[in-house]
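Chain residues, written in single-letter form:
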Amino acid sequence: ASGGLGLHLASQLLENGYFVLLHYFKQKEVLNDFIKKYPNQTLLVPCDFREEKNIIAMKEFIESEGITIHHLINNAAIDHVSNLKEKTEESFLEVFRINTLAPFHLMKYFGPSINTYGGSIINISSDNAIDRYDEVTLEYDLSKIGLNHLTKIFANIYPNAKVNAICFGWLDTKMNKIPEDIKKEIQFVPFDIATKKVMEYLKTRETGKIEIVR
């Protein structure tokens, strides 16, 4: 929740009365305004998603606070932009740990509760996983293909939950290390439109859907 789309989503969810678990890894200070403005609607949840044991510990912490998860938005992601010669086994594993394995673990451990309450799991994916074929974002693109596949699988595993993926086009986040002059030529998906789409999926009755939003 400490940057990009997650920050916008947290704001919108809190404005709409949701109790929001604000996940962060390092940038805790970004979330201070939320804590002050919505002291009874928030809980800070630190976690390094690179290891399964950390996600298990996070779940135990949430449960110790007496909180039950009804909805899950898998939004955390990283990229590794480079040419083919610079890509390595570790660059693939680094991206997959966050973009594919972490959502897998989160759906595995929080899914049973969400399924019980008929809640939603929303995976934030990318249109790169649909019809974009760029060398420089290869790790990211494959990780999102995996996330889309997980979406279909978990939609079958949790029949009472609504498990869907939204494949956004370009979002202007810090992950995009693009010069400002080039940014002017890119048609970004506005954050307000992206946020509205996610909010729609919190109330949808559909499941197993993968939607492209550009």
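Described in the following lines is the structure provided in the data block. (Residues numbered from 1 in each chain as written. Predicted model: local features only at pLDDT ≥ 70, side-chain atom pairs only at ≥ 80, totals over all residues. Heavy atoms only, no water.)

Another aspect to go through is the overall build of the chain. The secondary structure content of the chain amounts to 8 helices and 6 strands. Computed over its C-alpha atoms, the radius of gyration of the chain comes to 17 Å, within 12% of the 17 Å expected for a compact globule of 214 residues. Along the longest, intermediate and shortest principal axes, the C-alpha atoms of the chain span 50 × 40 × 30 Å. Evaluated residue by residue, the chain yields a buried proportion of 46% over its 214 residues. Looking at the chain alone, contacts between residues at least 24 apart form 66% of all its contacts between residues at least 6 apart. With an accessible surface of roughly 11,600 Å², the chain has 53% of that area assigned to carbon and sulfur atoms. (Helix = DSSP H or I, 4+ residues; strand = E, 2+ residues; numbered from the N terminus. Rg over C-alpha atoms; globule rule 2.2 N^0.38 Å. Buried < 20%, exposed > 50% of the residue type's maximum accessible area, 1.4 Å probe, protein only. Contact = heavy atoms within 4.5 Å. Areas by Shrake-Rupley, 256 points an atom, 1.4 Å probe, with all protein chains shown as cover.)

As a further point, take the pattern of salt bridges. Summed over the entire model, instances satisfying the criterion amount to 13 salt bridges. A salt bridge links Lys53 to Glu51; the nearest nitrogen and oxygen atoms lie 3.7 Å apart. Across the pair Glu63 and Lys59 runs a salt bridge whose closest N-O atoms are separated by 2.5 Å. Of this pair, Glu63 and Lys59 both sit in helix H3 (residues 52-64), 4 residues apart, roughly one helical turn. On the accessibility criterion, Glu63 (46% relative accessible area) is partly exposed. (Salt bridge = Lys/Arg side-chain N within 4 Å of Asp/Glu carboxyl O.)

A separate point is the packing of aromatic side chains. What the rule picks out here adds up to 3 aromatic pairs. One aromatic cluster in this structure is built from Phe104, Phe154 and Tyr158. (Phe/Tyr/Trp six-rings, centres within 6.5 Å; stacked < 30°, edge-to-face > 60°.)

A few words now on the packing of helix H1 (residues 4-15) against helix H8 (residues 191-201). Contact geometry for H1 and H8: axes closest at 10 Å, N-to-C directions at 60°. Classified by the angle their axes make, H1 and H8 are oblique. H8 is crossed by H1, and the crossing has right-handed handedness. Contacts between H1 and H8 involve Gly4, Leu5, His8, Leu9, Gln12 and Leu13 from the former and Phe191, Ala194, Thr195, Val198 and Met199 from the latter. Grouping the constituent residues of the contact of H1 with H8 by class yields 7 nonpolar, 4 polar and no charged. (Axes fitted to C-alpha atoms, helices over the stretch in contact; angles between N-to-C directions. Parallel < 35°, antiparallel > 145°, perpendicular 65-115°, else oblique. Left-handed = near helix turned anticlockwise from the far one by under 90°. Nonpolar A, V, L, I, M, F, W, Y, C, P; charged D, E, K, R; others polar.)

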